[in-house]
Amino acid sequence: MQDLPKNKKTRNTWRSFVVPSLLILVLILAAGLLVINALSTFYYQERVKEASLLAKSYTSVLITVLDAEYQLEQQMRSTLKVAGVTVGKYEEAFSNDLLTEMADNLDVDVIYLYDQMLKITHSSDGSYIGWEVPAEHPIRDFYKSAEQFRTEEIRADTESGILYKYGYYRFDDGRMVQVGILATNIEALYAQFDPQYIVDRMSRDAKQTRFSLLDPEGVVLAATDPAIRGLKIVPERIGLPISETNYIRTEWAGKNYLALHFPITLKDTFKGSLVLYYDLTEMELLIFRLALIISLTLLVFYLLFAYSLFTVYKKNRRILHLAYLDELTGLPNLRNFQAHLEELRCQHLALVVLNPLNFKLINILYGYEQGDNVLMQIAAYLRNVSRQTENLRPFRLSDDRFLLIIKNEPSLERLLTLCKEFLNINDEPGISGSIAISIGLVQSTGPSHDATRLLKEALIALNSTSASHPIQAYNTELEEKLIRVDAIEQEIKQALGGEDGIISLVFQPIYDGDVGQIVSFEALARMNSKKLGVIHPLEFIAIAEKRQLIIALGQKILSLACDFIKQLREKGITEVSVAVNVSALQLMEDSFISHIVNLSKEKQIPLTQLEVELTESVFAQDLQFIATQLEELRALGILVAIDDFGTGYSSRSRLETLPIDYLKLDRSFVEKLQNSSEHGFVSDIISLAHHIDKLVIAEGVETEEQEEELQKLGCDYMQGYLYSRPVPAEQALDLLLAAENNDEQP
């Protein structure tokens, strides 16, 4: 396939210059390699000596630690034995108080005295009197043995579950005593001798070194890489016998190491061994740098010799590439696409725009170098597809978008099948990273085709893709939808700029069902487009979120809600509050609290008449920060509610974590109250809320039967069409006045 236009193609004459020059370069480099090899051998031997000394020092440290652990174990055993013998030799009558005094004097935590039937007769803490040892219990195992005294490893008490280190002593008359030390009193000491703790300490002191601590059977007790703990290593199989002089060169996690194997003996007893991996990265880097310096020195002479021969050729070639080929991927670029389409003559043509959705994330997580590598891999894949698929040609459109021209394929079904194959590009060999693909497709009939129009329509189709529909073929409805979204976005911006009449609020009352009074209003945003008429909240709010306007829109809604509070106060209504929905993005803003405070000062209203409603999606955010924000809101007198409760991320622990006042029961549960399972679920939610001192507001109450059932279940407040639809501010005031008049009538 010819990437450059045919009239621009030039002959490749560089081989006649490069081949003899490379032969001379190879001879020079061969001499350089001999020098580099001698230097690497010298540095390698030096690293062997250094690694051996380091391994010996750490082996000595491990022997010292093991000896200290042995002494500690003996001390614990001695303490338990002395306590057991002391109790066993006591000839007077026992009492719980006496055992308590003995426990204090003998520096143990519990003492239990058993009779010949292995039943506790006395205890230092007064517990378990009369408790009899069950079958298959460690105490019964000791009693059946011929031992006078025995200590156990730390274990959980079979009754309390508390960790103890126990010792047992048998009396001459068949009784026995159980002495215990709380694990919490000795675990800090034992933790210092944990193999992984020791290895971690050594790793911090020698960050370029890895360790594996083996038991006498070759099982890994601890390692710098915790993933290999518990594995059995037979060093002899990898050429690594236990020795202070033998070593091998091995690879671990993509790096080269010197591996040395040293024995660990304590009191002439083989306790295991230490395998030390000494990182050769710095040495290899040094050798690499030397090799690079030598190679560059040699290359300088070569480049000076060849430079003049290639100057003109490279300049001309570069101009051609910049004009018609993408510099990174080598694919034909947008100018090449336009030139190609002008010359192309075919009856049926399809244009495909391919876009990796998460390419920016790859750049952020792995760097631009990896991102460039992914683009080159995609380009290589598309080139390979074009070689295997007749009449298909790839182009690079922009940073992370690619174009495909498909000729002579009238069937939309076959085009969609081909596009589906591109969705699996991540499964192709050589494609690295997790890549999600979206595809826009447009067809055209010939014989000539408008490049500008086709590209525009393909991009419109691409813009209409989603996670559930990653492939989209162009149609006029998509363009109309895009125009609609743009128009809504522009009018939202106009409203945020101060234009009246576009964004407004309606208010739905919330009633106290017991007394039939309005306790608050929920403020609901509405949009009336000058061009499109009434826009549903779900539509314009989704557009605001997608176009990063949701925070400014939320501030606008808060301001309008405060205006309504001011109206209430002017009518003398100070006990009715107004609830405003706030997005998680708004709440996560550092300036959110200060904005509300400034707004209250500007509107001259108290914040005690303002409520904030959050959806359960807030639980997916930084709970600690959210809790801090909510605490500040409540400190200002603002009540907090969780909206649509029961449909998202809630749990009791999260509800107790966040300082909130209300749970708003989602309308979906109210609608299904007649269903026994839903009835029980609603009852559980209300009971849970009251148990943790939260009030419950039921949304979507539409029938008297629902109202009656919710009152039976103890629901605090209700909201829905049964009482009133969302109404403008004037009608909301009328509802309040009507409710007050009803209350005043005898």
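The structure displayed is predicted, hence computed values, not measured ones. (Residues numbered from 1 in each chain as written. Predicted model: local features only at pLDDT ≥ 70, side-chain atom pairs only at ≥ 80, totals over all residues. Heavy atoms only, no water.)

### Some thoughts on the overall build of the protein
Counting its secondary structure elements, the protein contains 22 helices and 25 strands. The buried share of the protein, reckoned over its 746 residues, is 44%. (Helix = DSSP H or I, 4+ residues; strand = E, 2+ residues; numbered from the N terminus. Buried < 20%, exposed > 50% of the residue type's maximum accessible area, 1.4 Å probe, protein only.)

### Concerning the pattern of salt bridges
Per the counting criterion, the structure on display carries 17 salt bridges. For Lys664, the salt bridge goes to Glu522, with nearest N and O atoms at 3.0 Å. With a gap of 142 residues between them, Lys664 in strand E23 (residues 662-665) and Glu522 in strand E18 (residues 517-529) connect regions that are remote in the sequence. With a relative accessible area of 4%, Glu522 lands in the buried category. Linking Lys603 and Asp563 is a salt bridge whose minimum nitrogen-to-oxygen distance equals 2.8 Å. (Salt bridge = Lys/Arg side-chain N within 4 Å of Asp/Glu carboxyl O.)

### Details of the environment of Leu328
Relative to the assigned elements, Leu328 resides in the loop between helix H6 (281-324) and helix H7 (334-343). For Leu328, the contacting residues outside a window of four places in its chain are Asp372, Leu375, Met376 and Arg396. (Contact = heavy atoms within 4.5 Å.)

### Notes on the sheet that holds strand E13 (residues 392-398)
The five strands lie next to each other as E13-E14-E12-E15-E16, forming an open sheet whose pairing is mixed. On the outer flanks of this sheet lie E13 and strand E16 (471-473), each paired with one strand and no other. Averaged over all pairs of adjacent strands, the angle between their axes in this sheet comes to 20°, without regard to strand direction. Two strands pair when backbone bridges link them, and strand E12 (residues 348-356) and strand E14 (residues 401-407) are joined in this way by six bridges, in the antiparallel orientation. The residue bridging Val353 from the neighbouring strand is Leu403, located in E14. Sheet strands touched by helix H10 (residues 412-423): E12, E13, E14, strand E15 (437-445) and E16. Its angle to E15, the strand with the most contacts, is close to 155°. (Pairing = 2+ DSSP bridges. Axes fitted to C-alpha atoms, helices over the stretch in contact; angles between N-to-C directions.)

### Topic: the nonpolar core
Of all hydrophobic cores here, the largest spans 77 residues; its most connected members are Phe507, Phe540, Phe564, Leu630, Leu633 and Leu710. Ranked by the residues each element gives to this core, the list is headed by helix H14 (residues 550-570), at nine residues. Aside from chain neighbours lying at most four places away, what touches Leu630 is Leu587, Leu614, Val640, Leu658, Pro659 and Ile660. Ala379, Leu415, Ile425 and Ile437 belong to the second largest nonpolar core, which has 27 residues in total. (Core = buried A, V, L, I, M, F, W, Y, C linked by side-chain atoms within 4.5 Å.)

### Some details on a nonpolar patch on the surface
Taken together, the side chains of Leu285, Phe288, Leu292 and Leu296 define a hydrophobic patch exposed on the protein surface, amounting to about 360 Å² of accessible area. Following the sequence through the fold, Leu292 ends up in helix H6. (Patch = residues over 30% accessible without salt bridge, like charges linked within 9 Å, V, L, I, M, F, W, Y side chains within 5 Å. Areas by Shrake-Rupley, 256 points an atom, 1.4 Å probe, with all protein chains shown as cover.)

### Quick word on the environment of Phe422
By secondary structure assignment, the location of Phe422 is in helix H10. With a relative accessible area of 1%, Phe422 lands in the buried category. Along the chain, Phe422 and Tyr381 lie 41 residues apart, while their C-alpha atoms are 9.7 Å from each other.

### Some points on the packing of helix H12 (residues 476-496) against helix H13 (residues 537-546)
It is the contact of H12 with H13, at a shortest axis distance of 10 Å, that shows an interaxial angle of 80°. Classified by the interaxial angle, the pair formed by H12 and H13 is roughly perpendicular. Packed against H12, whose contacting residues are Arg484, Val485, Ile488, Glu489 and Ile492, the element H13 presents Glu539, Phe540, Ile543 and Ala544 at the interface. Tallied by class, the residues present in the contact of H12 with H13 amount to six nonpolar, no polar and three charged. (Parallel < 35°, antiparallel > 145°, perpendicular 65-115°, else oblique. Nonpolar A, V, L, I, M, F, W, Y, C, P; charged D, E, K, R; others polar.)

### Thoughts on H14
Helical geometry note: an α-helix holds 3.6 residues per turn, so side chains three or four residues apart project in the same direction. When the terminal C-alpha atoms of H14 are compared, their 30 Å separation across 21 residues agrees well with the 30 Å that a helix rising 1.5 Å per residue should span. All buried positions along H14 are accounted for by Ile550, Leu553, Gly554, Lys556, Ile557, Leu558, Ser559, Ala561, Cys562, Phe564, Ile565 and Leu568. Trailing H14 by a residue or two, Gly572 shows a phi angle of about 85°, which is positive. (Expected span 1.5 Å × (residues − 1).)

### Regarding unusual backbone geometry
For Asp107, which is not glycine, the phi torsion reads 65° and is therefore positive. With respect to the helices, strands and loops of the structure, Asp107 is situated in the loop between helix H2 (96-105) and strand E1 (110-114). We classify Asp107 as exposed; its relative accessible area is 62%. Residue Asp693 is not a glycine yet carries a positive backbone phi of 65°. Within the secondary structure, Asp693 is located in the loop between helix H20 (676-691) and strand E24 (695-698).

### Let's talk about the packing of H7 against helix H11 (residues 451-463)
The geometry of H7 relative to H11 is characterised by a closest axis approach of 10 Å and an angle of 125° between their N-to-C directions. Classed by the angle they form, the pair H7 and H11 counts as oblique. Of the residues in H11, those touching H7 at Leu334, Phe337, Gln338 and Leu341 are Ala451, Leu454 and Leu455. Tallied by class, residues from the contact of H7 with H11 come to six nonpolar, one polar and no charged.

### Points about the packing of aromatic side chains
Applying the stated criterion across every chain yields a total of 12 aromatic pairs. Aromatic side chains Tyr164 and Tyr166 sit 5.2 Å apart centroid to centroid with 20° between the ring planes, which places their arrangement in the stacked category. No difference in accessibility class separates Tyr164 from Tyr166, as the two residues are buried. Residues Tyr662 and Tyr717 carry aromatic rings whose centres are separated by 6.1 Å and whose planes lie at 70° to one another, so their mutual orientation is edge-to-face. Within this pair, whereas Tyr662 is found in strand E23, its partner Tyr717 is found in strand E25 (residues 717-718), the two being separated by 55 residues in sequence. Of the two residues, Tyr662 and Tyr717, neither departs from the other in class, the shared state being buried. (Phe/Tyr/Trp six-rings, centres within 6.5 Å; stacked < 30°, edge-to-face > 60°.)

### Here we look at the confidence of the model for the protein
On average, residues of the protein score 82 in pLDDT, and 86% of them are at 70 or above. Segment residues 7-13: pLDDT under 50, and eight contacts once partners within four positions in sequence are set aside and those in other chains are kept. (pLDDT = per-residue confidence, 0-100.)

### Digging into the pairing of E12
Among the nine residues of E12, eight are classified as buried, and the element is accordingly described as predominantly covered. Strand direction decides the pairing type here: E12 and E15, joined by nine bridges, are antiparallel. Bridge pairing in E15 links Leu349 to Ser444.

### A few points about the side chain of Asp661
The residue Asp661 is located in the loop between helix H18 (652-657) and E23 in this model. In this structure Asp661 comes out as buried when scored by relative accessible area, which is 14%. Only 2.8 Å separates the side chain of Asp661 from the side chain of Arg634, close enough to count as a polar contact. (Polar contact = N/O pair within 3.5 Å; in protein donor to acceptor, adjacent residues only side chain to side chain.)

### As for H10
In this model H10 runs 17 Å from its N-terminal to its C-terminal C-alpha over 12 residues, within 8% of the 16 Å that 1.5 Å per residue would give. For H10, the elements touching its buried residues are E12, helix H9 (368-388), E13, E14, E15 and E16. With a side-chain oxygen positioned 3.4 Å from the backbone nitrogen of Glu413, the residue opening H10 is Ser411.

### Observations regarding the environment of Val701
In this structure, Val701 sits in the loop between E24 and helix H21 (704-712). When the C-alpha positions of Val701 and Arg667 are compared, they lie 7.4 Å apart, and in sequence the two are 34 residues distant. With near-sequence residues (within four places) excluded, Val701 lies in contact with Val670, Gln706, Glu707, Leu710, Met718, Gln719, Gly720, Tyr721, Leu722 and Tyr723.

### Here's the deal with the side chain of Glu699
Residue position: Glu699 is located in the loop between E24 and H21. A polar atom in the side chain of Glu699 sits 3.5 Å from the side chain of Lys664. Not counting residues up to four positions away in its chain, the partners in contact with Glu699 are Glu522, Asp643, Asp644, Lys664, Leu665, Asp666, Arg667, Val670 and Gln719.

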